[in-house]
Amino acid sequence: MTSKKLWRGLLVGLAVTALVGTAGVSFAGTSLPERVTLPSPVSEPPAGESTAADPATELHLRVFLAGRDGAGRVSTALAVSDPDSAHYAHYLTPAQYRQRFGATPAQTAQVRDWLAGQGMTVTASTGHYLAADATVGQAAIAFGTEFRAYRIGTDKESYSQIVPVGDVSVPAGIGAAVAAVNGLTSFAWSGSERRSAVRQVPQAKQARTAATYPCSHYWGEHQVNIPTAYGRTTAPTEVCGYTPTQMRQAYGVQGSPYAGKGATVAIVLDGRSPTMEADANRFFAAHGVAGFKPGQYTENLPPDFDCSEWPDGDNPEEALDVETVHIIAPDAKVVFVSAGCAYGEYDFFDAHTRVVDDHLADVVSNSWPGIESDTSPAMITAWELILQQGAIEGIGMNFASGDYGDGSDDSLGRAKVPFPTSDPWATGVGGTSLAIGAGGKVLGEWGWGDTVTAITDAGYAGTPPGTFLMGSGGGLSTKIAQPAYQRGVVPDALASAGGTVPARRVVPDVSADAGTFWLIGYTAPGEPAPVEPGDPGPSDTDPEPGPPVYAERPVGGGTSGSSPLLAALEANAKQATGHALGFVNPALYKLAGTRALHDIGPVNPHHPPITAGVKYCNGDADAEPCLTTLGADLGLTVTPGFDDVTGLGTPTDSFVTAFRLF
């Protein structure tokens, strides 16, 4: 993950927490007419003392439209996605969806008139929502609620939140037209300016250690001496980065007649690299494989697109996603759907509305999961409308499961699952570490979970395995009930936290390689990157970067890599089956225990897989020789069958044709 991406995650995470946070103005005292309660716009109410909110505080609302026949929408989405249904894969076009389930002009006008009648200013109107500006005083009366103001933090650095307390509702007369309202919160920082961390690429140190720890072009090519660990005195070195041919061999694509012809994969991400297509074609040419044909790669940009502050795009993320799809599905079309560079709360949501409204793709890969606990029921409702529309149109939505285990390694120390990954209408993609040997043969595969310790002259900085570094995200939802397709497959104890809660959604659903590097070519600011694994190369946060430079770099993709891997395999499956897989989960869970999926088992903790090489095993300090122990995730456990590290397992070479069974 780039420093820019970390910054963006912090900004969006804080914005979401605030925008769905808490607040205080009371307009109680008069009896309310019959009203319809809406999903709460608050993710987690803040604790502590509060005061009455200033009624003049400005709010920027989105009123999401429910459309027509909500029950029919859900039943249709289920029917076209269920292999046991007579309507399986009988998808609607966007026009047919709008005709049957979209909001009518009369509904939209009704909501617009009501908002205006409450003194609010409607600023935008689409088929999905109305945007409106209002004051806290107007919103309190209109939505029958009270607002309170909370101050959180210290005198040196704090932020204030204004949020509604109690139910949020609308008059019954427009209740059927409104699905949810978001933006009923206000958020402001006070105190010192926040800065992103800056890191120099330690090329000199890497040059001194590269000869001692030469990277391997395939798993086990080089063995090096190490201080005794797990009864061993040697270890294979880190992989230099798998080539496109090695990845195709491992996933059964090499020589296959199914390479995604007739399918389109969308990559949804921020920014835009102006050299993406040229970089990809240069990269593939260097490896002796075909790049994109004219028209095979396209871009879809939002209105008023302006990424002048990030002119080089979100690399290596963009290149990783785009080139990974082409590695596995070389005949599929790829459309890069940009969410822009404003990093607003709705940018990624709006990018997905463009996908479904214009049917831009058959399957979507997302590498930017948010946090479920920071997502309000109102926004979950809004997302489900889009995800269900995608299902009805035959568009599958894949979301990375995250790269930090159960997410408890932050200052809060509390497990958390990603969203929209955890939504029941999304496919959550976790990660493994894949060992590809000589000739492209898969030698082993383990649930992704890396723990590291530095190799020193005296032995190890800490007793192996050391400190958790990264691993497949996953876990138990705190807000979403168990979907029907997980019943009987996900262990009851896992879905119910040992019987302490009603059964809930567990992620991920399925996995692919995330922990082992593969090669990617892209242009980034600064000096050419060293070719040792563990170094993401120059970043636009490095001080005074030089002119843009193209280079091949080994990228540890994380679940940002496994998500496009799965999407590409789904594109190949479309060619093999003759139809898009659409929302794949119901079919995917019917493949549990079959040859289509490789069930990942636990490693032996006394004899786990290990590697030795140069990487950042001490946070942001210089790269140094490290011992990496594989297969132990943070707070999550690999078990036989479904587990919260790898889900159902990983696709085999039978995966692409398995959907012909349905």
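Residues numbered from 1 in each chain as written. Predicted model: local features only at pLDDT ≥ 70, side-chain atom pairs only at ≥ 80, totals over all residues. Heavy atoms only, no water.

**A look at the overall build of the chain**
Now for step 1: Counting its regular elements, the chain contains 16 helices and 33 strands.
Now for step 2: Looking at the chain as a whole, 59% of its 662 residues are labelled buried.
Now for step 3: Of the contacts made within the chain by residues no fewer than 6 positions apart, 79% connect residues no fewer than 24 positions apart.
Now for step 4: Per element, the accessible surface of the chain, about 25000 Å² overall, is 54% carbon and sulfur. (Helix = DSSP H or I, 4+ residues; strand = E, 2+ residues; numbered from the N terminus. Buried < 20%, exposed > 50% of the residue type's maximum accessible area, 1.4 Å probe, protein only. Contact = heavy atoms within 4.5 Å. Areas by Shrake-Rupley, 256 points an atom, 1.4 Å probe, with all protein chains shown as cover.)

**Thoughts on the confidence of the model for the chain**
Now for step 1: Residues with a pLDDT of 70 or more make up 86% of the chain, whose mean pLDDT is 88.
Now for step 2: Here residues 1-32 is a poorly scored stretch, pLDDT under 50, and it has 105 contacts once near neighbours within four places are set aside; other chains count.
Now for step 3: Residue range residues 189-208 is modelled with pLDDT below 50. Its contacts to residues more than four positions away, or to other chains, number 51 contacts. (pLDDT = per-residue confidence, 0-100.)

**A short note on the state of the cysteines**
Now for step 1: By the definition in use, this model includes three disulfides.
Now for step 2: There is a disulfide in this structure between Cys215 and Cys240, and the S-S distance comes to 2.0 Å. Residues Cys215 and Cys240 share a disulfide whose torsion about the S-S bond is about 95 degrees; that sign makes it right-handed. In this pair, Cys215 sits in the loop between α7 (203-210) and β11 (223-229) while Cys240 sits in the loop between β12 (232-236) and α8 (244-250), placing the two residues 25 residues apart along the sequence.
Now for step 3: For Cys215, a relative accessible area of 13% corresponds to the buried category.
Now for step 4: The class of Cys240 is buried, set by a relative accessible area of 9%.
Now for step 5: The disulfide bridge from Cys617 ends at Cys626, spanning 2.0 Å between sulfur atoms. A torsion of -80 degrees about the S-S bond marks the disulfide between Cys617 and Cys626 as left-handed.
Now for step 6: By sequence-ordered numbering of the bonded cysteines, the chain has its disulfides arranged as 1-2, 3-4, 5-6. (Disulfide = S-S within 2.5 Å.)

**Some remarks on the pattern of salt bridges**
Now for step 1: One pass over the full model with this rule turns up seven salt bridges.
Now for step 2: Between Arg62 and Asp350 there is a salt bridge, with its nearest N and O atoms 2.8 Å apart. With a gap of 288 residues between them, Arg62 in strand β3 (residues 58-65) and Asp350 in helix α11 (residues 347-357) connect regions that are remote in the sequence. Assigned by exposure class, Arg62 and Asp350 land together as buried. (Salt bridge = Lys/Arg side-chain N within 4 Å of Asp/Glu carboxyl O.)

**Observations regarding the packing of helix α9 (residues 276-286) against helix α10 (residues 317-328)**
Now for step 1: Where α9 meets α10, the axes come as close as 10 Å, and the angle between the chain directions of the two elements is 50 degrees. Between α9 and α10, the angle falls in the class oblique. As α9 runs across α10, the sense of the crossing is right-handed. Packed against α9, whose contacting residues are Met276, Asp279, Ala280, Phe283 and Phe284, the element α10 presents Glu318, Ala319, Val322, Glu323, His326 and Ile327 at the interface.
Now for step 2: Classifying every residue of the contact of α9 with α10 by side-chain character gives seven nonpolar, one polar and three charged. (Axes fitted to C-alpha atoms, helices over the stretch in contact; angles between N-to-C directions. Parallel < 35°, antiparallel > 145°, perpendicular 65-115°, else oblique. Left-handed = near helix turned anticlockwise from the far one by under 90°. Nonpolar A, V, L, I, M, F, W, Y, C, P; charged D, E, K, R; others polar.)

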